[in-house]
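This is what each chain is made of:
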Amino acid sequence: MSKFKISLLLFVFNLGFSQNESLKTEIWEPVPEKIDAYNFNKAPSDAIVLFDGSDFSSWIGQYSNKTPEWKINKDGSMTVINGTGGIKTKKSFGSVQLHIEWKTNETTENYKPQQRSNSGIFLQQNYELQVLDSYENPTYVNGQAGSIYKQHIPLVNSSKKPGAWQSFDIVFNAPVFKNNKLVKPGYFTVFQNGVLIQNNVEIKGTTTNVGPSSYKSHGKLPLVLQDHPKIPVNFRNIWIRELQTKD
Ligand code: MG
């Protein structure tokens, strides 16, 4: 037998062997549920739509517990009405995937950096992903748009100009508490306008403006959108998918 034929036989033998071996590490079940993906205007089929421009039926005032006093616009967005307080979802959540779109205000003159369309997306009403005009608006970097407020600086600044719609796609793994003690911290992964800006960063506790962060034990809690002076921001197209975790 020629060298070539021997090599060919060995090759075919090894191929058969490795194919059999490869079967051992194939997993066929459980099959991931088939869903309809989103196309930037519409939520995926298994998401909870929190705001589609029609009403505030999924929301109440953060402290008033009454219908939010924010404004719903004809283009399907909402505008924060400063001084009326933040809004929170009626439903409480654990770990989630969240999609939210937001637009900073074109009026930027004579306002301090942290007053330019400042808001915040508070997962479990404690952990803030900062919303701010950060296009050309230098501020402390752990407080710019896309920061986990005063904890994690975004990897890059993928902010758009004031007046342009932007998106956050967030994976939030909720902290786990047992017997009022933290057994696993929370984690954020965030894409701003499709760009990864937070890569599985560990949450150090409730995000605060003053002093160090610490955790306080809690279960599922609402999502909160912040009312922060002075120039308002708009939100639209908000949907959420609850994530099953093994904890
Ligand atoms: Mg804020």
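Placed above this text is the structure.
Owing to the predicted nature of the structure, the values given are computational and were not obtained by experimental measurement. (Residues numbered from 1 in each chain as written. Predicted model: local features only at pLDDT ≥ 70, side-chain atom pairs only at ≥ 80, totals over all residues. Heavy atoms only, no water.)

A. View of the overall build of the protein chain. If you tally the helices and strands in the protein chain, you get one helix and 15 strands. The globule rule puts the C-alpha radius of gyration for 247 residues at 18 Å, and the 23 Å found for the protein chain is more than 25% above it. Dimensions of the protein chain along its principal axes, counting C-alpha atoms only, are 90 × 45 × 40 Å. The contacts in the protein chain between residues at least 6 apart in sequence include a share of 67% that link residues at least 24 apart. In the form shown here, the protein chain has an accessible surface area of approximately 14,200 Å², with 53% of it arising from carbon and sulfur atoms. For the protein chain, the distance from the average position of its 27 positive side-chain charges to the average position of its 21 negative side-chain charges is 4 Å. (Helix = DSSP H or I, 4+ residues; strand = E, 2+ residues; numbered from the N terminus. Rg over C-alpha atoms; globule rule 2.2 N^0.38 Å. Contact = heavy atoms within 4.5 Å. Areas by Shrake-Rupley, 256 points an atom, 1.4 Å probe, with all protein chains shown as cover. Lys, Arg positive; Asp, Glu negative; His and termini not counted. Charge placed at Lys NZ, Arg CZ, Asp CG, Glu CD.)

B. Broad picture of the pairing of strand β13 (residues 195–202). Relative to β13, strand β12 (residues 187–192) is paired through five bridges, and the arrangement is antiparallel. Bridge assignment links F191 to a residue of β13, and that residue is L196. Hairpin geometry of β12 and β13 is characterised by an intervening segment of two residues between the two adjacent antiparallel strands and by a positive phi of about 50° at N193. (Pairing = 2+ DSSP bridges.)

C. Structural context of the environment of K91. Relative to the assigned elements, K91 resides in the loop between β5 (87–89) and β6 (96–103). Between the C-alpha atom of K91 and that of V176, which follows or precedes it by 85 residues, the distance is 19 Å.

D. Highlighting the side chain of S117. Secondary-structure assignment places S117 in the loop between β6 and β7 (119–123). Exposure remark for S117: the relative accessible area of 1% places this residue in the buried category. A distance of 3.3 Å separates a polar atom in the side chain of S117 from the backbone oxygen of P232. Beyond its immediate chain neighbours, meaning those up to four positions away, S117 contacts T104, N105, V131, L132, D133, I231, P232 and V233. (Buried < 20%, exposed > 50% of the residue type's maximum accessible area, 1.4 Å probe, protein only. Polar contact = N/O pair within 3.5 Å; in protein donor to acceptor, adjacent residues only side chain to side chain.)

E. Seen up close, the sheet that holds β5. Strands sit in the order β2-β5-β14-β7-β8 across an open sheet of five strands; the sheet is antiparallel. For this open sheet the edge positions go to β2 (59–61) and β8 (127–131), each flanked by a neighbour on one side alone. Judged from the two bridges that link them, β7 and strand β14 (residues 224–225) form a sheet pairing that is antiparallel. Bridging across to β14, F122 finds its partner in V224.

F. Spatial organisation of the coordination of the magnesium ion. Around the magnesium ion, the protein contributes the donor atoms N118 (OD1), S119 (O), E128 (OE), Q130 (OE1) and Q226 (OE1), at 2.2 to 2.4 Å from the metal centre. Expressed as a motif, the donor residue spacing for the magnesium ion is N-S-x8-E-x1-Q-x95-Q. In this structure Q130 comes out as buried when scored by relative accessible area, which is 0%. (Donors = N, O, S within 2.8 Å, 3.2 Å for Na, K, Ca; no water.)

G. Summary view of the pairing of strand β11 (residues 181–184). The pairing of strand β10 (residues 176–178) with β11 spans three bridges and is classified as antiparallel. Note on β11: the bridge partner recorded for V176 is K184. The hairpin formed by β10 and β11 contains two residues between the paired strands, and N179 there has a positive phi angle of roughly 50°.

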